Each structure stands twice: as structure tokens, then as C-alpha cells.
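# Structural overview
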Amino acid sequence: MPSSVMPTSSQSGRRPSAAAVSALGLRKSYGDKTVLDGIDLRIPAGSVFALLGPNGAGKTTTVQILSTLVSADGGQAQVAGHDVATSPDGVRAAIGVTGQFSAVDGLITGEENMLLMADLHHLAKREGRRVAAELLERFDLADAAKKPASTYSGGMKRRLDIAMTLVGSPRIIFLDEPTTGLDPRSRHTMWGIIRGLVADGVTVFLTTQYLEEADELADRIAVLNDGRIAAEGSAEELKRIVPGGHVRLRFTDPDAYRSASAALQVAARDDEALSLQIPSDGSQRELRSILDRLDSLSIEADELTVHTPDLDDVFFALTGPADVPAPTKENVR
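The following refers to the structure shown. Numbers given to residues run from 1 along each chain, matching the order in which its sequence is written. Local features in this predicted model are restricted to residues whose pLDDT is 70 or higher, and side-chain atom pairs enter the listing and the counts only when it is 80 or higher, whereas totals over whole chains, interfaces and linings include all residues. Side-chain measures here rest on the full set of heavy atoms in the structure, leaving out hydrogens and waters.

## A closer look at the overall build of the protein
A count of helices and strands for the protein gives 13 helices and 14 strands. Each of the three principal axes of the protein carries a C-alpha extent, and together these read 80 × 45 × 40 Å. Buried residues are those whose accessible area, probed at 1.4 Å on protein chains only, stays under 20% of the maximum for their type, while exposed residues exceed 50% and partly exposed ones sit between those limits. Burial status across the protein gives 44% buried among its 333 residues. Here the open area of atoms and residues is found with the Shrake-Rupley method and a 1.4 Å probe, where only the protein chains shown may cover a residue. Element-wise, carbon and sulfur atoms account for 49% of the exposed surface of the protein, whose accessible area totals about 17300 Å². Going along the chain from the N terminus, every DSSP run of H or I of four or more residues is numbered as a helix, and every run of E of two or more is numbered as a strand.

What follows is the structure, given as C-alpha cells:
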């Protein structure tokens with residue numbers, strides 16, 4: 001296993017992008033509970049970074065530190081080129097934050113929520129109305145703009161929440177579990193919004209418990225467990241660190257099944273289902289090798305399926321019970 005899943009700039013042939021967010025040795029404790037135990041981050045500008053982890057892993061604390069809502073006990077962090085400890089105003093001017101719980105005021109209309117945010121950003125009245133109208137239109141909320149936000153669906157409130165975050169034109173947005181509680185359609189709508197933000201050059205720092213969400217959106221993913229980064233890389237890089245990939249062959253002819261079992265001696269047998277399971281990374285080379293071996297013996301399988309580890313497998317391997325061996329930061333980064 002290579003010592004890192006992230007290629008160096010010389011390996012990739014490209015200069016590394018400027019970091020929108022970086023952290024080194026970030027630490028935070030509450031009483032005798034260590035929440036962050038020295039985490040390092042580097043998030044290129046114009047990308048989506050997803051931080052995964054079980055409840056209580058420290059995801060929200062990380063966002064709170066990087067957005068200057070709480071102070072770290074140790075380590076250093078920079079956001080948009082500003083030190084979070086010595087230049088918090090510079091950080092706040094460059095970011096937007098959407099927390100786990102909606103900041104929308106249900107007692108006023110969607111438009112009034114937007115105008116309130118414009119006032120907080122000290123926009124001139126005319127400019128505030130223009131920005132509010134444009135964002136309400138962009139997030140498909142114009143028709144509901146005059147209605148109390150309390151009448152909005154969960155998906156509409158989340159869209160309004162992000163629209164409010166964009167009033168100040170931030171270049172870095174922290175989205176702390178933005179789709180929690182949304183139905184699948186609303187979640188997919190939110191994914192489209194996030195992709196649109198990145199297409200406009202915005203950097204998105206996303207925390208989520210939905211592994212499919214990270215797989216769909218993130219350029220890089222870090223798995224946080226027990227206050228430390230257990231692994232970091234692209235979705236595909238992370239999937240490769242977890243064993244368990246295999247090819248499954250199913251037969252209807254018992255003779256063909258027995259012949260294939262004898263030919264593929266590493267296969268796990270299921271005599272009742274007439275199926276064989278062969279360890280594989282799912283690569284074209286390995287599939288060809290298996291099929292060529294069967295063809296050379298005139299053996300034909302009736303069904304072939306390929307299973308490669310997904311982010312669920314990665315998540316459980318890295319955050320499982322202490323007595324379950326798991327890859328460590330040292331052997332995957």
C-alpha cells in the first residue's frame with residue numbers, strides 16, 4: 001500500500017492549486033473530551049471537499065473553528081489567506097456558512113429574510129433588493145418570495161438558507177450537513193445547486209453523513225474518526241484502500257460449475273446457488289484473465305457480476321468498532 005493516496009505535483013505534472021482552506025495540527029477539547037486531535041487539511045480553491053464521520057467525530061467543530069465561531073486549542077488554520085486566529089474579520093468577509101439547522105426566520109417572508117441578510121452585509125437598499133431578487137430567482141423561490149418562510153417545505157427552506165448565505169458573494173462556503181432531513185428529490189436539487197456554485201468558482205467545504213452525497217459531489221474526501229483524519233483522497237482512491245472487491249460467477253449447469261470451481265481454485269463456493277466468488281479489484285485486466293481461463297476450458301458462466309468496495313465499505317472500515325482492524329492514516333495517506 002503506498003504511503004499516500006494523493007499524488008505529488010511532480011507525479012501529476014501539474015502545479016498544486018492555491019489552498020482556499022488549510023489547517024495544520026488543529027486541536028480542540030471540551031473538558032476531558034478531545035474532539036480534534038491534530039488534523040491537517042488542504043483544500044484547493046474552486047473544489048468540493050467533503051468531511052465524513054460518525055456523529056460526534058468532530059465535523060461540526062471543524063467547521064466552527066474554520067469559520068471563526070469557536071477557537072482552536074492548538075494548531076494553525078488559514079481560510080482565504082487569512083489566519084482564523086489573528087484575522088477573523090478577514091475570514092468572515094470571505095466565507096458563507098450554512099449550519100445543520102436552518103437560519104431562516106419563519107415569521108417573515110422569504111424576501112424579507114433575504115433583505116435582512118442584505119442589511120447585515122451593509123448593502124445599499126437598492127443593491128440589496130437587486131441581489132435578493134436575483135438569488136430568489138436563481139434558487140427557484142421567486143414565486144414564494146412574498147409568503148412566510150414558515151409555509152416553505154424543507155427543501156425550500158434549505159434553498160433559502162443557501163441563498164441567504166450567498167448575499168455577501170462569498171468565495172468559500174461551509175455547508176454543514178446541508179441535506180439532512182430532505183427527501184431524495186430535494187437532496188438531488190441541492191446537489192445541483194452545489195455543482196452550480198463550484199462551476200462559478202466557489203470553494204465548498206461539505207460535511208455530510210450521506211456517503212452517496214460525498215461520492216457524487218466531492219473532489220476530495222476525508223474521513224474523520226476519534227478526532228483524527230483516518231484517510232483522505234478522491235472517492236476512487238479511498239475505495240481502493242478497502243479489501244473486498246470480487247467477481248461473482250453464477251451457473252445453471254452443475255457440471256460447468258464444478259469445472260469452473262476446479263479451474264479457479266481461489267474461488268469461494270456456494271454449492272446451493274451454483275456460484276463462485278473470486279477476489280478481484282474489478283480491473284479490466286483481472287476480468288479478462290478470469291474469462292480467458294474459462295474460455296480456454298470451454299466453460300461458460302450464465303451470469304457475471306463485479307463488486308467493488310463503495311464509500312459505505314470505506315466508512316465502516318475506518319470508523320468501525322475498535323476491535324475491527326481498519327486501515328490507518330499512516331498506510332493510506
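Back to the write-up after that little detour.
## A few points about the pairing of strand β10 (residues 228-233)
Where burial is concerned, most of β10 is hidden: five out of the six residues are buried. Here strand β9 (residues 220-225) runs beside β10; their pairing, made up of five bridges, is antiparallel. Following the sheet pairing, A222 is matched in β10 by E232. What makes two strands pair is DSSP finding at least two bridges between them. In sequence, β9 turns back onto β10 through a hairpin of two residues, with D226 there showing a positive phi of about 55 degrees.

## Some remarks on the sheet that holds strand β8 (residues 203-207)
Picture the strands of a sheet paired through backbone hydrogen bonds; they go either parallel or antiparallel. The strand order across the open sheet built from six strands is β6-β7-β8-β3-β9-β10, with neighbouring strands paired in mixed fashion. Unpaired on one side and paired on the other, β6 (95-98) and β10 mark the two borders of the sheet. Put simply, the sheet's adjacent strands are angled 15 degrees from each other on average, direction ignored. As paired strands, β6 and strand β7 (residues 172-176) are joined by four bridges and run parallel to one another. Following the sheet pairing, T98 is matched in β7 by L175. The contact criterion used is simple: two residues touch if any of their non-hydrogen atoms lie within 4.5 Å. Axes here mean lines fitted to C-alpha atoms, for a helix over just the part in contact, with angles spanning 0 to 180 degrees between N-to-C directions. On top of the sheet, helix α2 (residues 59-66) reaches β3 (48-52), β7, β8 and β9; it is set at about 145 degrees to β8, its chief contact. On the sheet, helix α6 (residues 154-165) packs against β6 and β7 and is oriented at approximately 160 degrees with respect to β6.

## Examining the packing of aromatic side chains
Aromatic contacts are taken between Phe, Tyr and Trp rings whose centres are within 6.5 Å, Trp giving its six-membered ring; a plane angle under 30 degrees counts as stacked, one over 60 as edge-to-face, and the others as tilted. Taken as a whole, this structure holds four aromatic pairs when the rule is applied. Consider the rings of F49 and F205, whose centres lie 5.3 Å apart with planes at 45 degrees: the pair is tilted. Note that F49 is positioned in strand β3 and F205 in strand β8, a separation of 156 residues in sequence. Taking the relative accessible area as the measure of exposure, F49 reaches 1% and is therefore buried. Look at F174 and F205: their rings are 5.3 Å apart centre to centre, the planes differ by 45 degrees, and that puts the pair in the tilted class. Of this pair, F174 sits in strand β7 while F205 sits in strand β8, and the two are 31 residues apart along the sequence. Take F174 and F205: they sit in the same class, and that class is buried. A connected cluster of aromatic rings, assembled from ring pairs, spans F49, F174 and F205. Sitting over the ring of Y210, R187 keeps its end group 3.9 Å from the ring centre. Note on criteria: charge over ring means Lys NZ or Arg CZ within 6 Å of the ring centre, with the direction from the centre no more than 35 degrees off the ring normal.

## Some thoughts on the packing of helix α4 (residues 110-120) against α6
Between α4 and α6, the least distance of the axes is 9 Å, while the angle of their chain directions is 25 degrees. It follows that α4 is roughly parallel to α6 by the angle criterion. You can see that α4 and α6 cross each other, and the crossing is right-handed. Where α4 abuts α6, its residues G110, N113, M114 and M117 lie against L160, A163 and M164. Looking at the contact of α4 with α6, its residues break down into five nonpolar, two polar and no charged. What sets the label is the angle itself: under 35 degrees gives roughly parallel, over 145 gives roughly antiparallel, 65 to 115 gives roughly perpendicular, and the rest give oblique. We call a crossing left-handed when the near helix sits turned anticlockwise from the far one by less than a right angle, and right-handed when that turn is clockwise. Each residue gets one of three labels, nonpolar for Ala, Val, Leu, Ile, Met, Phe, Trp, Tyr, Cys and Pro, charged for Asp, Glu, Lys and Arg, and polar for the others, Gly among them.

## Brief notes about the nonpolar core
Burial of nonpolar side chains together is a common tendency in soluble globular proteins. Grouped together as the largest cluster of nonpolar side chains are 53 residues, with contacts concentrated most on M114, L135, F139, L160, I162, V204 and I221. In this view, L135 contacts M114, A163, L166 and V167; residues no more than four positions away in its chain are not counted. Within the second largest apolar cluster, 27 residues are counted, among which are L26, A77, V79 and V91. Take the buried Ala, Val, Leu, Ile, Met, Phe, Trp, Tyr and Cys residues and link them wherever side-chain atoms come within 4.5 Å; each set so joined is a nonpolar core.

## Examining the sheet that holds strand β2 (residues 33-44)
Strand order across the open sheet formed by four strands is β2-β1-β4-β5, with antiparallel pairing between neighbours. Every interior strand has two partners, whereas the edge strands, β2 and β5 (82-83), have only one. As defined by bridge partners, strand β4 (residues 74-79) adjoins β5 across two bridges and the pair is classed as antiparallel. Bridge pairing links V79 to H82 in β5.

## Notes on a nonpolar patch on the surface
A residue counts toward a patch only above 30% relative accessible area and without a salt bridge, and it is joined to like-charged neighbours within 9 Å or, for Val, Leu, Ile, Met, Phe, Trp and Tyr, to nonpolar neighbours within 5 Å. Within this document, salt bridges are pairs made up of a side-chain nitrogen of Lys or Arg and a carboxyl oxygen of Asp or Glu, the two lying within 4 Å of each other. On the surface, L291, L304 and V306 cluster together to form a nonpolar patch covering roughly 210 Å² of accessible area. Of note, L304 is situated in strand β14 (residues 303-307). For L304, a relative accessible area of 35% gives the class partly exposed.

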